[in-house]
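Summary of the model geometry
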Amino acid sequence: MMRFLAMGVLSLCAVAPAFAGSPALHSGKYEGLMLAVTPQRQVEGYYSQTMGEGVTRGCTFYLQGKPAALTTWQDETYPGSVAPSSDGVTLTVEQGRQHPGCLNVLMPEIATGLDLTQTASKQWIGLVKVSADKAYLLKNPSAKAGKRPYIVKNDVVGVLAFKDGWAQVEFINAEDRSFTGWISQDQYGRLVVPGS
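All values reported here derive from a predicted model rather than from experimental measurement.

The rules behind these values
Here, residues in each chain are numbered from 1, in the same order as that chain's written sequence. Whole-chain, interface and lining totals are the exception, using all residues; otherwise, since this is a predicted model, local features are given only for residues with pLDDT of at least 70 and side-chain atom pairs are given and counted only at 80 or more. Working from all heavy atoms in the structure, the side-chain values ignore hydrogens and water. Two strands make a pair as long as DSSP finds a minimum of two bridges between them. Helix and strand definitions here come from DSSP, where helices need a minimum of 4 consecutive H or I residues and strands a minimum of 2 consecutive E residues; each element is numbered from the N-terminal end. Helix axes use the C-alpha atoms of the stretch in contact, all axes being lines fitted to C-alpha atoms, and the angles between their N-to-C directions lie in the range 0 to 180 degrees. In what follows, residue pairs with any heavy atoms lying within 4.5 Å of each other are defined as contacts. One side-chain nitrogen of Lys or Arg within 4 Å of one carboxyl oxygen of Asp or Glu is enough to make a salt bridge. Burial classification: accessible surface area is computed with a 1.4 Å probe over protein chains only, and a residue below 20% of its type maximum counts as buried, one above 50% as exposed, and the rest as partly exposed. N or O atoms within 3.5 Å of each other form a polar contact, as long as, within protein, one can give a hydrogen and the other can take it, and as long as residues adjacent in sequence are counted only when both atoms are side-chain atoms. We define a nonpolar core as any set of buried Ala, Val, Leu, Ile, Met, Phe, Trp, Tyr and Cys residues linked to one another through side-chain atoms lying within 4.5 Å.

Another point: the sheet that holds strand 5 (residues 69–73). The antiparallel closed barrel is built from eight strands, whose spatial order is 1-2-3-4-5-6-7-8. The mean angle between the axes of side-by-side strands here comes to 30°, regardless of whether they run parallel or antiparallel. Judged from the four bridges that link them, strand 6 (residues 77–84) and strand 7 (residues 88–92) form a sheet pairing that is antiparallel. Residue pairing across strands places A83 opposite T90, the latter belonging to strand 7.

Here is the structure:
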């Protein structure tokens, strides 16, 4: 009898984690998607994918809102959603291929759920778009630019912290190298859904 009771308890222990709740969304890189989960449990994202060599085709768009009911945009806005999966996220935008350049680049599965594998876990609390022609990544808000790495206009970067008119940001280049530093609020803009 004791053996069966012990087996029953062990079986329950093995099953319990499956019912502990669904996986949560986490900030990070998911193939072509940069995703930030804000302190308010909203998401901000930037999707970028290119195809071809020499002459390339590209697909980029932004996303923001509640994970189950977000807005995506480039020229037009389209509804979408993002949900955690076993090894990443599932991004769904029924009209996603209507974003400029996306028809020939983005997989048709975007309409029903495109699975993206996590390639890097990050601590981003938001995303911002660089508005200055050149923004040096300072060691701290009062530092001098010197010979520091810099980011350029229209780069989208992850935010690690906001403080007194500054943002501590992380930029990931094409070779997946990461650079962090502080930029001032006059050098970036928050992602904002058009018309909101």
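Now for the environment of V82. On the secondary structure map, V82 appears in strand 6. In the structure, V82 is positioned 39 residues away from V43 in sequence and 8.7 Å away in space, judged by C-alpha atoms. With near-sequence residues (within four places) excluded, V82 lies in contact with L25, L35, V43, P67, L70, V89, T90 and L91.

Right, let's get into the pattern of salt bridges. Summed over all chains, the structure comprises two salt bridges. Taking the shortest distance from any N to any O, the salt bridge between R190 and E44 comes out at 3.5 Å. Taken together, the positions of R190 in strand 15 (residues 188–190) and E44 in strand 3 (residues 43–51) put the pair 146 residues apart, joining distant regions of the chain. Looking at R190, the relative accessible area reads 43%, which means it is partly exposed. Looking at E44, the relative accessible area reads 6%, which means it is buried. Notably, a salt bridge pairs K122 with E170, separated by 2.8 Å at the nearest N-O pair. In this pair, K122 is assigned in the loop between strand 8 (114–121) and strand 9 (126–130) and E170 in strand 13 (residues 166–172), connecting sequence segments 48 residues apart. On the basis of relative accessible area, K122 is assigned to the buried category, the value being 17%. By relative accessible area, E170 is classed as buried at 7%.

With respect to the helices and strands, the residue Q64 is situated in strand 4 (residues 57–66). A distance of 3.4 Å separates polar atoms of two side chains, one belonging to Q64 and the other to E44. Contact partners of Q64, with chain neighbours within four places excluded, come to V43, E44, L70, T71, W73, L191, V192 and V193.

Moving on: the nonpolar core. Ranked by size, the top nonpolar core spans 22 residues in total, and within it L35, Y47 and L91 carry the most contacts. Mapped onto this core, the elements with two or more residues apiece are strand 2 (33–37), strand 3, strand 4, strand 6, strand 7 and strand 8. Once you skip the residues sitting within four places of it in the chain, L91 turns out to touch Y47, F61, L63, S81, V82, I110, G113, L114 and L116. Of all hydrophobic cores here, the second largest spans twelve residues; its members include V128, I151, V169 and I183.

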